[in-house]
Amino acid sequence: MSMLPGPSEFTATPEGFRSGFVSFVGRPNTGKSTLTNALVGEKIAIMADQPETTRHPIRGIVNTQEAQLVLVDTPGIHRPRTLLGERLNDVVKDTFQDVDLIGLTVPADEKIGPGDRFILEQIRETKPGTPIVGIVTKLDKATKDQVGERLLELHELLGPDSEVVPVSATERVQLDVLIDVLTSLLPPGPRFYPVGHTTDEDTETRIAELIREEALRGLRDELPHSVAVQIDEMYPDPERDNRTMIYAVMYLERPGQKRIIEGPGGRRLSGIVHRARQQIIDLVGHNVFLDLRIKVLKNWQQDPKHLGRLGF
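Residues numbered from 1 in each chain as written. Predicted model: local features only at pLDDT ≥ 70, side-chain atom pairs only at ≥ 80, totals over all residues. Heavy atoms only, no water.

- The name an unreviewed UniProt entry assigns to the chain is GTPase Era, from the organism Corynebacterium timonense.
- Taken from UniProt, the Sequence similarities (unreviewed entry) comment for the chain reads in full: "Belongs to the TRAFAC class TrmE-Era-EngA-EngB-Septin-like GTPase superfamily. Era GTPase family."
- In UniProt, the chain has this text filed under Subunit (unreviewed entry): "Monomer." (UniProt positions renumbered as here; feature names shortened; annotations may be inferred.)

Structure follows, in structure tokens:
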């Protein structure tokens, strides 16, 4: 299915305007979601302490005077260990089919290795001929010598004529340079989305992702892909003006994981609800009531029926 909106959604643009779809690809935890959020200017992709947190492409829109960049944040490509992992890799490959430009992300504080080469092979096999920009992320976590090493390694990996840009998303270093480089490689085209539009993710999906982010916060590698969140119901409070009622379910694979999420005396779960509610209020712009229940679906990552039910 094409990513493009219908022709009626196009907006008049000046002569020489460029537009296109850009996908940030890399090993898990290379800063793709952080970079997407920084370029868009608001939080549309979740960020957590462990790798492999993004589950599906998230389109963020960057508008400039000269261009519109539609950023597609994908799961990190990895050698799959579960049926869910295989489906996430399929999502990435499907995404490649529609993009005009790919940004290969490599963290400044980690040497380029087999995982990065595997990803580049997948890109070139799936979408040969697509321009690839090298992006060295996390400048704020590396020394100048490390940054220099990554730049040389990326040039060697991508080819001597390739564009390679070092950035820090958290400190907003060189983001304008990256936008200029990406823009220069996009084809001429119209605006696909109105100015001011920042994402085409629906509100319920964004709320579910915010809850999942808070559940994963601080857990490191304990529950990387075992957490899924769905919104059961969401409606205006009939008794109080300007408040939305949200009933959500968090799915886990094992009872032991439920104990981790709940924490002693249920305190960790209460913290998840409190922090997620604050983020949801910021997103929707008014008060919310959040009810979060936990259900155990044994080995749902390996069960096609459960994966389908959870949207994979």
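On we go from here.
### What to know about the environment of G256
- By secondary structure assignment, the location of G256 is in helix α7 (residues 255-262).
- The spatial distance from the C-alpha of G256 to the C-alpha of V296 is 9.7 Å, given a sequence separation of 40 residues. (Helix = DSSP H or I, 4+ residues; strand = E, 2+ residues; numbered from the N terminus.)

### A short note on helix α8 (residues 267-284)
- Between its first and last C-alpha atoms α8 spans 26 Å; for 18 residues at 1.5 Å apiece the expected length is 26 Å, and the two agree.
- For α8, every residue scored as buried is listed here: L269, G271, I272, V273, A276, Q279, I280 and I281.
- Tucked inside the fold, the buried residues of α8 contact α6 (203-216), β8 (243-252), α7 and β9 (287-296).
- Where α8 terminates, the next one or two residues include G285, which has phi positive at roughly 85°. (Expected span 1.5 Å × (residues − 1). Buried < 20%, exposed > 50% of the residue type's maximum accessible area, 1.4 Å probe, protein only. Contact = heavy atoms within 4.5 Å.)

### With respect to the packing of α6 against α8
- Interaxial distance between α6 and α8 falls to 9 Å at its minimum, and their mutual angle equals 145°. Seen from above, α6 lies across α8 with right-handed handedness. Only R268, I272, R275, A276, Q279, I280, L283 and V284 of α8 make contact with α6, whose side of the interface consists of T203, R206, I207, L210, I211, E213, E214 and A215. (Axes fitted to C-alpha atoms, helices over the stretch in contact; angles between N-to-C directions. Left-handed = near helix turned anticlockwise from the far one by under 90°.)

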